[in-house]
Structures are given as structure tokens and as C-alpha cells.
Amino acid sequence: MKVPYSRPEIGPEEKAAAMRVLDSGWLTTGKEAQAFEQEFKDYLNRPALQCLAVNSATAGLHLALEAMGVGPGDEVIVPTMTFTATAEVVRYLGATPVFTDIDPETMCMTVEGIEDAMTEQTKVVIPVHYAGLACEVTEIVSHCHQHEVLVLEDAAHALPSTYDKRLVGTGGADATVFSFYANKTLTTGEGGMIVTPHDDYAKRMSTMSLHGIDRPAFDRFSAPGNWYYDVVAPGFKYNMTDLAAAIGREQLRKVERMAQRRAEIARQYLTAFNSLPVQLPYPGTMAREHAWHLFVLRLLPQAPMGRNQLMQALTAAGIGFSLHYTPLHRMTYWRESLNLDIGDYPEAERCYDSMISLPIFSTMTQAEVQRVIEVVTRSLV
Ligand SMILES: *Cc1c(COP(=O)(O)O)cnc(C)c1O
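Residues numbered from 1 in each chain as written. Predicted model: local features only at pLDDT ≥ 70, side-chain atom pairs only at ≥ 80, totals over all residues. Heavy atoms only, no water.

Trainee: What is the right way to read the overall build of the protein from this model?
Mentor: Within the protein one finds 14 helices and twelve strands. The C-alpha atoms of the protein give a radius of gyration of 21 Å, which matches the 21 Å a tight globule of 381 residues would have. C-alpha atoms of the protein, sized along the principal axes, occupy 70 × 55 × 35 Å. Relative to its full complement of 381 residues, the protein shows a buried share of 58%. For the protein, restricting intrachain contacts to residue pairs at least 6 apart in sequence, the fraction spanning at least 24 positions comes to 73%. Just so you have it, the protein exposes about 16100 Å², and 53% of that area is on carbon and sulfur atoms. Charged side chains of the protein number 32 positive and 45 negative; the gap between the two group centres comes to 8 Å. (Helix = DSSP H or I, 4+ residues; strand = E, 2+ residues; numbered from the N terminus. Rg over C-alpha atoms; globule rule 2.2 N^0.38 Å. Buried < 20%, exposed > 50% of the residue type's maximum accessible area, 1.4 Å probe, protein only. Contact = heavy atoms within 4.5 Å. Areas by Shrake-Rupley, 256 points an atom, 1.4 Å probe, with all protein chains shown as cover. Lys, Arg positive; Asp, Glu negative; His and termini not counted. Charge placed at Lys NZ, Arg CZ, Asp CG, Glu CD.)

As C-alpha cells, this is what we get:
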């Protein structure tokens with residue numbers, strides 16, 4: 001039996017929603033995107049927050065940093081253990097990312113790491129809620145705000161995750177960005193959502209998401225006789241289509257159930273692998289609920305095979321896997337342009353050598369879960 005690394009949960013509801021849009025005559029940003037933003041806000045249950053649907057989380061992170069006024073000379077602190085998108089958007093604006101090491105237990109960035117990396121030039125900190133476990137949001141926000149540094153959460157893995165019993169996105173950060181990429185916990189194929197409590201950021205991001213035009217395209221085309229629009233900045237093309245938004249609305253209705261299924265699979269893995277020579281992922285607590293976007297196993301030195309050998313065993317058995325991540329300080333561009341040294345990130349290095357991401361997705365069958373458990377156990381006992 002083959003087990004894929006990931007498989008999106010697309011049911012008759014998503015298909016009907018896509019057909020509804022295709023038949024409507026309006027394919028780009030419009031009523032569906034507006035409704036998705038409203039429903040996302042309802043889901044977060046914080047009426048004071050503003051939501052903006054965009055065509056990727058990368059676009060969302062870029063827009064948020066732009067609205068925050070990040071530019072040349074500024075520094076933005078990001079963990080080295082993340083996807084390159086978290087750092088590349090800093091470069092789009094001519095600013096400099098500063099990488100921090102991670103906590104060996106949770107693999108998230110830490111308040112101490114942020115403190116060490118902060119300088120007079122620090123403008124923003126981007127905590128990444130690694131694998132779906134929230135960073136220490138309350139402490140990070142309070143520390144940053146004390147130093148007049150802004151907080152932009154990269155919540156690409158973190159729907160729905162909590163910290164201090166609050167959903168990620170509602171914990172006081174200046175903006176939060178979710179990803180709806182194909183293998184994320186909610187998907188629209190490609191897409192993202194920006195959440196912010198600041199009206200001025202919301203307005204700027206909305207304008208910049210569509211060419212710097214000062215009003216939504218939908219109003220422009222739908223209001224009879226109202227053809228006028230102005231361009232106030234050289235904006236981007238980051239709007240979410242109604243086709244994607246309609247799929248997202250259906251996904252949002254399932255998000256809690258999909259999260260429950262992931263958590264159930266994680267519990268089975270945690271139990272099954274408990275006596276193997278591995279370090280299990282930190283499972284979170286009642287107040288810090290894990291979204292289980294990733295299930296990352298770390299092999300201990302006494303394991304009978306190394307990580308690469310385990311990858312070969314999984315490949316031979318037809319089981320998908322992944323690696324999150326090759327730390328950014330190891331990537332040619334970042335290493336060379338920032339002059340980085342492998343020795344500066346010992347915890348990330350230790351993780352990188354031993355880590356592997358196992359399949360975990362809401363449509364995973366019990367037979368598939370059992371098969372992964374069987375092959376991993378057989379390889380590591
Ligand atoms: C997936 C991901 C992104 C980028 O999301 P897109 O929607 O593909 O742009 C950013 N950061 C992290 C940590 C991610 O996993």
C-alpha cells in the first residue's frame with residue numbers, strides 16, 4: 001500500500017462551490033472573497049480584527065511588512081528553521097533578515113533568541129509557529145512592544161493553534177498571516193489570509209494588494225456608472241480569486257473536524273513511537289493546542305539507522321515523507337549574502353541532521369496510519 005505525504009480534503013462541497021463561481025460569470029475577487037474574509041473573522045471571533053484574503057501567504061507577509069514601513073536599513077528577525085518565504089519578503093523591501101536559532105524542545109524561536117538578535121535597527125520580529133505549535137506569543141508580543149518592535153506572525157502552519165487558550169491571530173500581534181497552500185491545514189490550492197487589529201495597515205494592504213488602486217475592483221465594476229479610480233502607489237497583484245475563496249469558505253466549515261483528525265493521528269503516532277529511539281514532537285497542552293500541520297520525528301544517535309536510511313526505507317515501502325526544513329543559514333543565497341556560519345545555529349543543526357516529517361493529513365485512513373507505524377517501527381526497533 002502506497003501512502004502519500006499529503007492529500008487535500010476536497011469533497012462535494014468544495015466542488016459545488018467552485019461550480020457556483022464558474023457559473024456565476026464573476027471569477028476574480030468579488031462577493032466570495034468578501035464573504036470568506038467575513039467568515040474567517042467570525043471564526044476568529046474578534047470583531048475588531050480585519051481580514052484580507054490574498055493569493056498566497058508569501059504575498060500576505062510581503063504586504064504586512066510593506067504596511068509596517070519596513071525598508072532599507074531595517075532588520076527583521078526570523079527563525080532559521082522555516083521556509084524561505086518568511087525571509088525572502090524581507091529582501092523584497094530591501095531590508096535584512098536576521099536569523100535566530102530555535103528551542104530544542106519545541107523547535108520554535110524563543111524570547112531569549114529574539115533578545116539576543118535585537119539591535120537598534122530591528123523593526124519587526126516574525127515568529128513562525130513551527131509545525132502548528134504556537135511560539136510563546138504573549139511573551140514575544142510583550143517583549144517586542146516594550147522595545148517598539150512590531151510582531152508579524154507567520155501562521156502558515158497554525159490553523160487552528162492556540163496560545164494561552166487564544167487562537168493564533170488573536171494574541172496581540174500586529175499582523176498574522178495564514179497559508180492556504182495545497183498541503184496546509186486549510187487549502188484553496190494557493191491562497192492566504194492576513195489578519196490585523198490595525199485599521200491603517202488593513203487599508204494599506206488592501207490598496208497594495210491590487211495595484212495601489214484606492215478602492216476594491218469589485219466596487220469599480222459593479223457600481224453602475226462608477227468608473228473612476230485612482231492609483232496611489234505602485235502596488236502588487238495579490239488579490240484572492242472568488243474561485244479560491246469559494247473553496248476556502250467550504251474548507252473553513254470543516255477546519256475543526258480536519259484538525260481533530262490530524263490530532264487523532266498525532267496521538268496514535270506519539271503512542272506507537274513512544275519506546276523507539278526517537279525524540280517525539282512536543283505535543284502542546286490544553287492552553288497551547290497543536291494544529292499538527294507537520295509530524296516531525298527526530299532520530300536519536302542510538303537509533304539502528306540514520307535519518308537518510310529511514311528515508312530510503314520509507315521510499316522502498318512507498319511511503320511519502322518530507323523534511324522541514326533545511327535551515328535557511330544552510331541555503332547558498334542566505335549563507336553567502338548574510339555571511340553566515342553553521343556553528344551559529346547549533347540547535348537547528350542538530351534537528352536538521354536527525355529530522356523527518358511523516359504523513360499527517362485529515363483524509364488519512366486508519367490503514368494508512370497503521371502502515372506508516374508498521375514501517376517506521378520495523379526500521380527503528
Ligand atoms: C507554506 C509556508 C509559507 C508560504 O505560504 P504560501 O501560501 O505558499 O506563500 C510561508 N511560511 C511557512 C512557514 C510556510 O510553511
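Trainee: Please explain the packing of aromatic side chains as it appears in this structure.
Mentor: Two numbers describe a pair of aromatic rings. These are the distance of the centres and the angle of the planes. Evaluated as defined, the whole model comprises 13 aromatic pairs. Ring centres of Phe36 and Phe180 lie 5.6 Å apart, and the angle between their planes is 50°; this geometry places the pair in the tilted category. Of this pair, Phe36 sits in helix α2 (residues 31-44) while Phe180 sits in the loop between β8 (175-179) and β9 (192-196); the two residues are 144 residues apart in sequence, bridging distant segments of the chain. Here Phe36 matches Phe180 in class, with each residue buried. Members of the aromatic cluster, each reached through a chain of ring pairs, are Phe36, Phe40, Phe178 and Phe180. (Phe/Tyr/Trp six-rings, centres within 6.5 Å; stacked < 30°, edge-to-face > 60°.)

Trainee: Hey, could you run me through the site of the ligand in this one?
Mentor: Taken together, the neighbourhood of the ligand is formed by 16 residues, with Thr58, Asp154, His157, Ser179 and Lys184 sitting nearest. Contact distances for the ligand include 2.9 Å between an oxygen atom and a backbone N or O atom of Ala57. Within the side chain of Asp154, a nitrogen or oxygen atom sits 2.8 Å from a nitrogen atom of the ligand. At the level of secondary structure, the elements contributing two or more residues to the shell around the ligand comprise α3 (57-67) and α4 (85-92). When its residues are assigned to classes, the shell around the ligand shows seven nonpolar, seven polar and two charged. (Near = heavy atom within 4 Å. Polar contact = N/O pair within 3.5 Å; in protein donor to acceptor, adjacent residues only side chain to side chain. Nonpolar A, V, L, I, M, F, W, Y, C, P; charged D, E, K, R; others polar.)

Trainee: Would you mind showing me how to read helix α13 (residues 346-354) here?
Mentor: Note on helix geometry: an α-helix contains 3.6 residues per turn, so any two residues three or four positions apart are oriented the same way. The set of residues buried in α13 consists of Ala348, Glu349, Cys351, Tyr352 and Ser354. Its buried side turned inward, α13 meets β11 (295-299), α11 (307-316) and β12 (355-358).

Trainee: Looking at this structure, how should I read the side chain of Thr82?
Mentor: Its place among the elements puts Thr82 in the loop between β2 (75-79) and α4. When neighbours within four sequence positions are excluded, Thr82 is seen to be in contact with Val128, Asp154, Tyr325 and Leu328.

Trainee: How do you make sense of the nonpolar core when you look at a structure like this?
Mentor: In a soluble, globular protein the nonpolar side chains are often hidden away together inside. Judged by nonpolar contacts, the single largest core of 90 residues is most densely connected at Phe36, Phe40, Leu65 and Leu152. For this core, the element with the highest residue contribution is α3, accounting for seven residues. Core analysis: the next-biggest nonpolar cluster, separate from the first, contains 31 residues, Phe273, Ile319, Val369 and Leu380 among them. (Core = buried A, V, L, I, M, F, W, Y, C linked by side-chain atoms within 4.5 Å.)

Trainee: Help me out: how do you make sense of the sheet that holds β11 in this one?
Mentor: The strands that make up a sheet pair up through hydrogen bonds in the backbone, lying either parallel or antiparallel. Strand order in the open sheet made by the three strands is β10-β11-β12, with antiparallel pairing throughout. Edge strands, defined here as strands with exactly one partner in the open sheet, are β10 (278-279) and β12. Of the pairings in the sheet, the one linking β11 to β12 comprises four bridges and is antiparallel in character. Across the sheet, residue Val296 finds its bridge partner in β12, namely Ser357. (Pairing = 2+ DSSP bridges.)

Trainee: Quick question: what am I supposed to make of the state of the cysteines here?
Mentor: Put plainly, two cysteines are in a disulfide when a covalent bond ties their sulfur atoms together. By the definition in use, this model includes zero disulfides. Cys108 provides the cysteine sulfur closest to Cys135, a residue in no disulfide bond, and the two sulfurs are 3.8 Å apart. (Disulfide = S-S within 2.5 Å.)

Trainee: What is the right way to read the pairing of strand β3 (residues 96-100) from this model?
Mentor: The side chains of a regular strand alternate, residue by residue, between the two faces of the sheet. As judged from the five bridges shared by β2 and β3, these two strands associate in the parallel manner. From the neighbouring strand, Glu75 faces β3, where its bridge partner is Thr96. Between the parallel pair β2 and β3, the chain is carried across by α4, and the sense of this crossover is right-handed. (Right-handed = clockwise from strand over helix to strand, strands pointing away.)

Trainee: How should helix α9 (residues 242-253) be read in this particular structure?
Mentor: In this model, α9 (twelve residues) spans 17 Å end to end at C-alpha, consistent with the 16 Å of a helix rising 1.5 Å per residue. Extensive coverage of α9 is indicated by the burial of ten of its twelve residues. For α9, the complete set of buried residues consists of Asp242, Ala244, Ala245, Ala246, Ile247, Gly248, Arg249, Glu250, Gln251 and Leu252. (Expected span 1.5 Å × (residues − 1).)

Trainee: Just checking my understanding: could you explain the packing of α3 against α4 for this structure?
Mentor: Between two packed helices, the angle of one axis relative to the other and the distance separating the axes together describe the packing. Running from N to C, α3 and α4 point in directions that differ by 40°, and their axes come no closer than 9 Å. Of the possible angle classes, the one that applies to α3 and α4 is oblique. Helix-helix and strand crossings are classified by hand; for α3 and α4 the assignment is right-handed. Here Thr58, Leu61, His62 and Leu65 of α3 lie close against α4, whose contacting residues are Ala85, Thr86, Glu88, Val89, Val90 and Tyr92. Tallied by class, the residues present in the contact of α3 with α4 amount to six nonpolar, three polar and one charged. (Axes fitted to C-alpha atoms, helices over the stretch in contact; angles between N-to-C directions. Parallel < 35°, antiparallel > 145°, perpendicular 65-115°, else oblique. Left-handed = near helix turned anticlockwise from the far one by under 90°.)

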